[in-house]
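The residues making up each chain are set out below.
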Amino acid sequence: MKLTNNKHLSFPFRIGNDGRAAQVSSLEEHVQDELIQLILTNLGERAFLPEFGGGVRRLVFENASENTGVMAKAMLTQAISRWLGSRIALEDLTVNIENEKIEVELKYRIAGTEDTRIMRFQRDGG
């Protein structure tokens, strides 16, 4: 949610140190928070929006295999397209698996800008 002072409410909503609704200072930071929330939310986790979420947390206990990588890529691509497709343009999504480590790299651009952003996640096995 954009406020009148060009700031955005933090997502997820939280209370700041001053006791007011926490804000982020830029659209880029706001979109990044939305993206993280989407990826880390399990399907069915939101009471009134059960289809919201990336669903990849359920893959945490899967073997670090090529199949897991393909599934993670498909789940993330679908979730981002559905829930943030009007906010960002997903330029590239790669999933690399090496030994027991899975690394996900998202390359995206906020709609209406030319500024490309990269976000990386990784899970080490063991």
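Structure: above.
What counts as what
Residues numbered from 1 in each chain as written. Predicted model: local features only at pLDDT ≥ 70, side-chain atom pairs only at ≥ 80, totals over all residues. Heavy atoms only, no water. Helix = DSSP H or I, 4+ residues; strand = E, 2+ residues; numbered from the N terminus. Buried < 20%, exposed > 50% of the residue type's maximum accessible area, 1.4 Å probe, protein only. Contact = heavy atoms within 4.5 Å. Areas by Shrake-Rupley, 256 points an atom, 1.4 Å probe, with all protein chains shown as cover. Lys, Arg positive; Asp, Glu negative; His and termini not counted. Charge placed at Lys NZ, Arg CZ, Asp CG, Glu CD. Phe/Tyr/Trp six-rings, centres within 6.5 Å; stacked < 30°, edge-to-face > 60°. Pairing = 2+ DSSP bridges. Axes fitted to C-alpha atoms, helices over the stretch in contact; angles between N-to-C directions. Core = buried A, V, L, I, M, F, W, Y, C linked by side-chain atoms within 4.5 Å.

In terms of regular secondary structure, the protein is built from two helices and five strands. Counting from the amino terminus, the protein carries its helices and strands in the arrangement β-β-α-α-β-β-β. Reported as C-alpha extents along the three principal axes, the dimensions of the protein are approximately 45 × 35 × 25 Å. The burial tally for the protein puts 29% of its 126 residues in the buried class. Considering only contacts in the protein between residues 6 or more positions apart, those separated by 24 or more positions represent 30%. As presented, the protein carries roughly 8200 Å² of accessible surface, and 47% of it is formed by carbon and sulfur atoms. Charged side chains of the protein number 16 positive and 18 negative; the gap between the two group centres comes to 6 Å.

This brings us to the packing of aromatic side chains. Taken as a whole, this structure holds one aromatic pair when the rule is applied. When the ring of Phe52 is compared with that of Trp83, the centres are 5.2 Å apart and the planes differ by 70 degrees; the resulting orientation is edge-to-face. In this pair, Phe52 sits in the loop between helix H1 (27-40) and helix H2 (66-84) while Trp83 sits in helix H2, placing the two residues 31 residues apart along the sequence. Classification of Phe52 by relative accessible area gives buried; the value is 9%.

By the element assignment, Ser10 lies in the loop between strand S1 (8-9) and strand S2 (23-24). Using a relative accessible area of 3% as the deciding quantity, one classes Ser10 as buried. Residues contacting Ser10, with those up to four places away along its chain left out, are Ala22, Gln23 and Val24.

Here we take up the pairing of strand S5 (residues 116-123). The side chains of a regular strand alternate between both faces of the sheet. Inspection of the sheet shows strand S4 (residues 101-110) paired to S5 by eight bridges, in the antiparallel sense. Note on S5: the bridge partner recorded for Lys107 is Ile118. Between the end of S4 and the start of S5, which pair antiparallel, lie five residues, with Gly112 showing a positive phi angle near 85 degrees.

Once that is clear, we can look at the sheet that holds strand S3 (residues 88-98). Hydrogen bonding along the main chain pairs the strands of a sheet, whether they run parallel or antiparallel. Strand order across the open sheet formed by three strands is S3-S4-S5, with antiparallel pairing between neighbours. Lying at the two open borders of the sheet, with one neighbouring strand each, are S3 and S5. Each strand axis lies, on average, 15 degrees off the axis of its neighbour in the sheet, ignoring direction. Along the sheet face, H1 touches S3, S4 and S5 and points at about 140 degrees away from the line of S4. The sheet strands contacting H2 are S3 and S4, and the helix crosses S3 at an angle near 165 degrees.

Here the focus is the nonpolar core. Formed by 22 residues in total, the largest nonpolar core has its most connected members in Leu35, Ile88, Leu106 and Tyr108. Sorting the residues of this core by element identifies H1, H2, S3 and S4 as the ones contributing at least two each. With six residues, the single largest contributor to this core is H2. Here Ile88 is in contact with Val31, Leu35, Ile80, Tyr108, Arg109, Ile110 and Ala111, once residues within four sequence places are set aside.

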